[in-house]
Amino acid sequence: MSTTKLGEAPREFRVIGTRPIRHDGIDKVTGRAVYGADVTLPGLLQGSVLRSPHAHARILSIDTTRAAALPGVKAIVTSEDLPNVRAREEKLGESVTNVRHLSENILAHDKVLYHGHAIAAVAATSAHIAEEAAALIDVKYEVLPPVLDVRKAMQDDAPILHPDLRTHGGDPERADRETNVAAVTHFERGDIEAGFAQADEIIERSFDTAMVHQGYIEPHNAVAQVNADGQATLWCSTQGHFDVRRLCADVLEMPLSRLKVVAAEIGGGFGGKTTIYLEPLAILLSRKSGAPVKLVMSRADVLQATGPTSGSHIRVKMGANRDGRITAVDAWLAYEAGGYPGSPVQMGAACIIGPFDIENVRIYGYDVVVNRPKTAAYRAPGASNAAYASETIVDELAHRLEIDPFEFRLANAAKEGTPTAAGPRHRRIGCVELLEAARSCPHATAPLGDADGPRKRGRGFATGFWFNAGLQSSATISLNSDGTASLVTGSPDIGGTRTSCAMMAAEELGLPIELVRPVVGDTDSIGHTDVTGGSRVTMATGLAVHDAAHDIKRQLCERAAKTWKVEVDQVRFEEDGVVSVNDESQRFSLAEIAKNAIRTGGPIVGRATVNAQRNTGAAYAGLMVDVEVDTETGRVDITRCTVFQDVGRAIHPAYVEGQMQGGSVQGIGWALNEEYVYDDEGHLLNDGFLDYRMPVALDLPMIDPVIVEVANPAHPYGVRGVGEVSIVPPPGAVANAIADATGVRMTTLPMSPPRVLAALKAHAAGE
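Thresholds, definitions, all that
- Residues numbered from 1 in each chain as written.
- Predicted model: local features only at pLDDT ≥ 70, side-chain atom pairs only at ≥ 80, totals over all residues.
- Heavy atoms only, no water.
- Helix = DSSP H or I, 4+ residues; strand = E, 2+ residues; numbered from the N terminus.
- Rg over C-alpha atoms; globule rule 2.2 N^0.38 Å.
- Buried < 20%, exposed > 50% of the residue type's maximum accessible area, 1.4 Å probe, protein only.
- Contact = heavy atoms within 4.5 Å.
- Expected span 1.5 Å × (residues − 1).
- Pairing = 2+ DSSP bridges.
- Axes fitted to C-alpha atoms, helices over the stretch in contact; angles between N-to-C directions.
- Disulfide = S-S within 2.5 Å.
- Parallel < 35°, antiparallel > 145°, perpendicular 65-115°, else oblique.
- Left-handed = near helix turned anticlockwise from the far one by under 90°.
- Phe/Tyr/Trp six-rings, centres within 6.5 Å; stacked < 30°, edge-to-face > 60°.
- Lys NZ or Arg CZ within 6 Å of the ring centre and 35° of its normal.
- Salt bridge = Lys/Arg side-chain N within 4 Å of Asp/Glu carboxyl O.

Trainee: Hey, could you go over the overall build of the protein for me, with residue numbers and the actual values?
Mentor: The helix and strand inventory of the protein stands at 21 helices and 29 strands. Relative to the 2.2 N^0.38 estimate, which gives 27 Å for 767 residues, the radius of gyration of the protein is 27 Å and therefore close to what a compact globule would have. Seen through its principal axes, the protein has C-alpha atoms that stretch 90 × 75 × 55 Å. Sorting the 767 residues of the protein into buried and exposed places 62% on the buried side. Pairs at least 24 apart in sequence give 79% of the contacts found in the protein among residues at least 6 apart.

Written out as structure tokens, the structure is:
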């Protein structure tokens, strides 16, 4: 690992930037950590969900008579048990959710819209009885033709998923027509035609990317207990238990105060656990049976029915002149939303030129429903698809103009003041510094060497951009009587954020990190906190922790002033205690004040809430890969890989490196192997990890992380956020490496052996 520190360092740090052992490490490695499926309660019932065997069908009837008669069955719910909520949009964290669509996705109402769509749920005395009962539910369908391809879904004669759907932001002349296009995004500036007229080289290509899943190891789960008075408690695996509470309350039309949600330990999410599936079903079944109920998805359930990210079709036309300047970009993006509107196409459209400063730009994005599962967030939602297209063409333009690709990127790099695709201008960003770090790293100048036999070697590089989110967070710090501290936040810990937040508290209070105990509070124990997503927790929740620690410091000074009978401005906090400004021999350590808190006003608790939307710092990543391509089989092996990322400030460098490596691995899987495979009737054919091919340790070399630190000026520690952007460049980088090795430009993901082999043969045939 190497670190490039740039920008203004706010100050020297004592704890931040070190690598302490995570507080939850022992529980994780010994198996004591309690995940959602581990939760058990007296009298617990087990649940099972009946799912649609069809991709598109009208539900004619549901008969639960035989299932209800099975001994051991305690409750059955169908869509009739859900309130008839009206269609309305609720903004939750980074996303907007239509409550009506959410309800229909939890249990199909009158139509099923994808293979695996939930229809009914059963609670019984054992999981086997529940599963048997679910199979006894009789459902009559009118099977309808499905549409699985985003381009076919946009055609006028395509099967219509929602007869009442109309295009938001589309052509006014088509405003009253039935359609599968839910929304159109449009960004434009400059003079696009004049820009292309200035170009010496113009490249126009189309790209297709496959629908892929986040691939978290832990399946979705939920345990609910509803008391006789209607008060409910829910344990689940989630990235945002406050959002789970809000969404369940919306769908079930219950007051927020009647539901407590406890975020269990989480076995991966990557954006896929930011919505609800089983949670309201567990509540309904518990309410109906009078007993606690547990629901756990199988792997097939997860892949069939929980949000993957969009497949897409993208066309990009880009021109550049011999001076190495990109003169114009015209992009067209269509993203699969799944069965209900809400693909990340708007973010893809906003990110597609994120690393570049281009004067003439036109971008259209289309959100399209298809008979696939409703998509959900996945690390930098929408950006990887878009970057695959733009980064491939940027690399090709550089080669055609015979300009070094790094020089070409630097000549067009976004910097402070560059307008984003959506219009607002960047604040301080580290795109240029990242490119310079990549250009000068040992990997960039190492010889590739020759491969044996039919194998050919190549090197590729690509960049990626992501906004990073701010949103709301809360934190409290309780100073214990022995001078230690208990920290409570509302952010489920996916990547070590308990420790990174504790490090900030320790930094501010002058405590050893071991004396700060971080806890993730439930929805009744801490103020509202938005989702763990958008790379925001260390930045935004960390900001709340920073402010809560300053609240503690303020109170410590007040307590000392009260003891010394001086004004509070005559006391200052210094390292790990307070000192009198007028007489520095007068000092109290933090532990001394805490011990005597009962005599100076009672317990000392620091509190803070933040809306960190103005504190965000955009992120950039780059990936350099060496590949070997077997020209006889089409197999591509990654032989060397280096990831670069501007993180602002690395609070815990080991966790930052882990995020960079993890995002890179997922992006490489997206590039080379991962895809949803359906038959013509819309049945998912690879609903297990044996057939859904994710990369494993043996598939990849060690990924070398290079941390670039260009401090975010809007954060006290300079933090930008690290969880997402490293997934953006891999598809483009791998495609560029394959082109370097073979001379063939790949335009379809995944670049699996059959596709690479077909492209090589077509190239050899002059097609």
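Trainee: Now, about helix α7 (residues 241–252): what can you tell me, with residues and values included?
Mentor: In an α-helix, one full turn covers 3.6 residues, which means residues spaced three or four apart are oriented alike. With 12 residues, α7 extends 16 Å between its outermost C-alpha atoms, agreeing within 8% with the 16 Å of an ideal straight helix rising 1.5 Å per residue. In terms of burial, α7 is largely enclosed, as 11 of its 12 residues are buried. Among all positions in α7, only His241, Phe242, Asp243, Val244, Arg245, Leu247, Cys248, Ala249, Asp250, Val251 and Leu252 are buried. One or two residues past the end of α7 sits Glu253, with phi positive at roughly 50°.

Trainee: Can you break down the sheet that holds strand β3 (residues 57–63) residue by residue, with the values?
Mentor: If you trace the three strands from one edge of the open sheet to the other, you get β7-β3-β9, paired in antiparallel fashion. Since the sheet does not close on itself, it has two edges, and those belong to β7 (111–112) and β9 (138–143), each with one partner. In this structure, β3 lies alongside β9, joined through six bridges in antiparallel fashion. Considered in β9, the bridge of Ile59 is made with Tyr141.

Trainee: I'd love a proper account of the sheet that holds strand β24 (residues 577–580), names of residues and values included.
Mentor: The sheet built from three strands is open, its strands ordered β23-β24-β25 with antiparallel pairing. In this open sheet, the two edge strands, each paired with only one partner strand, are β23 (571–574) and β25 (587–589). Here the strands of the sheet are splayed against their neighbours by 20° on average, with no regard to which way each runs. Sheet topology note: the β23/β24 ladder contains four bridges and is antiparallel. In the strand pairing of β24, Val571 is matched with Ser580. Against the sheet, helix α16 (residues 537–564) makes contact with β23, β24 and β25, and its axis sits at roughly 135° relative to β23, the strand it touches most.

Trainee: So what's going on with the state of the cysteines? Residues and values would help.
Mentor: In the structure shown here, the tally under the stated rule is zero disulfides. Between Cys351, a cysteine without a disulfide, and Cys431, which holds the nearest cysteine sulfur, the sulfur-to-sulfur distance is 13 Å. What makes Cys351 buried here is its relative accessible area of 4%.

Trainee: Describe in detail the environment of Ala67, supporting the description with residues and values.
Mentor: When you line up the elements, Ala67 lands in helix α2 (residues 65–69). Remark: the alpha-carbon pair of Ala67 and His241, spanning 174 residues in sequence, is separated by 32 Å. In this structure, Ala67 is in contact with Val73, Ile76, Ala133, Leu136 and Ile137, ignoring residues within four places of it in sequence.

Trainee: Can you tell me about the packing of α7 against helix α8 (residues 279–289), naming the residues and giving the values?
Mentor: Look at α7 against α8: their axes get within 9 Å of each other, and the N-to-C directions meet at 55°. Looking at the two axes, α7 sits oblique to α8. For α7 against α8, the interelement crossing comes out right-handed. Along its contact with α7, which presents Val244, Cys248 and Leu252, the element α8 presents Glu279, Pro280, Ile283 and Leu284.

Trainee: Go over unusual backbone geometry, please, and point to the residues and values.
Mentor: Backbone torsion omega between Leu749 and Pro750 reads -5°, so that peptide bond is classified as cis. Examined against the element boundaries, Pro750 turns out to sit in the loop between α20 (730–742) and α21 (753–764). Positioned with a positive phi, Glu253 is a non-glycine residue whose angle comes to about 50°. For Glu253, the position within the fold is in the loop between α7 and β14 (259–263). For Glu253, a relative accessible area of 54% corresponds to the exposed category.

Trainee: An account of the pairing of β24 is needed here, citing residue identities and associated values.
Mentor: Here β24 shows no split at all, with Gly577 and Val579 on one side and Val578 and Ser580 on the other all buried. Looking at chain direction, β24 and β25 are connected through three bridges and run antiparallel. Looking at β25, one finds that Val578 is bridged to Phe588.

Trainee: Go over the packing of aromatic side chains with me, naming the residues and quoting the values.
Mentor: Evaluation of the coordinates by the stated rule reveals 12 aromatic pairs. Taking the centre distance of 5.0 Å and the plane angle of 10° together, the rings of Trp564 and Phe588 count as stacked. In this pair, Trp564 is assigned in helix α16 and Phe588 in strand β25, connecting sequence segments 24 residues apart. Assessed through its relative accessible area of 14%, Trp564 is described here as buried. For Phe588, a relative accessible area of 22% puts it in the partly exposed group. Considering the side-chain rings of Tyr676 and Tyr678, the 6.2 Å spacing of their centres and the 40° angle between planes classify their relative orientation as tilted. No difference in accessibility class separates Tyr676 from Tyr678, as the two residues are buried. Pairwise contacts between aromatic rings join Phe465, Trp466, Phe467 and Tyr620 into one cluster. Here Arg315 stacks its cationic end above the ring of Trp332, 4.1 Å away from the centre of that ring. The ring of Phe196 carries the charged tip of Lys317 above its face, separated from the ring centre by 4.5 Å.

Trainee: Any details on the environment of Met297? Residues and values, ideally.
Mentor: Tracing the backbone shows Met297 in the loop between β15 (293–296) and α9 (299–305). For Met297, a relative accessible area of 5% puts it in the buried group. If we ignore the near neighbours within four places in the chain, the residues touching Met297 are Arg51, Pro219, His220, Tyr277, Leu278, Val302 and Thr306.

Trainee: Talk me through the pattern of salt bridges; I want residue IDs and the actual numbers.
Mentor: Overall, the coordinates contain 47 salt bridges when judged by the stated rule. Across the pair Arg498 and Asp24 runs a salt bridge whose closest N-O atoms are separated by 2.9 Å. In this pair, Arg498 sits in helix α15 (residues 497–509) while Asp24 sits in the loop between β1 (2–6) and α1 (25–30), placing the two residues 474 residues apart along the sequence. Each of the two residues, Arg498 as well as Asp24, counts as buried. Taken together, the salt bridges that share partners define one network made up of Arg22, Asp24, Lys28, Glu265, Asp493 and Arg498.

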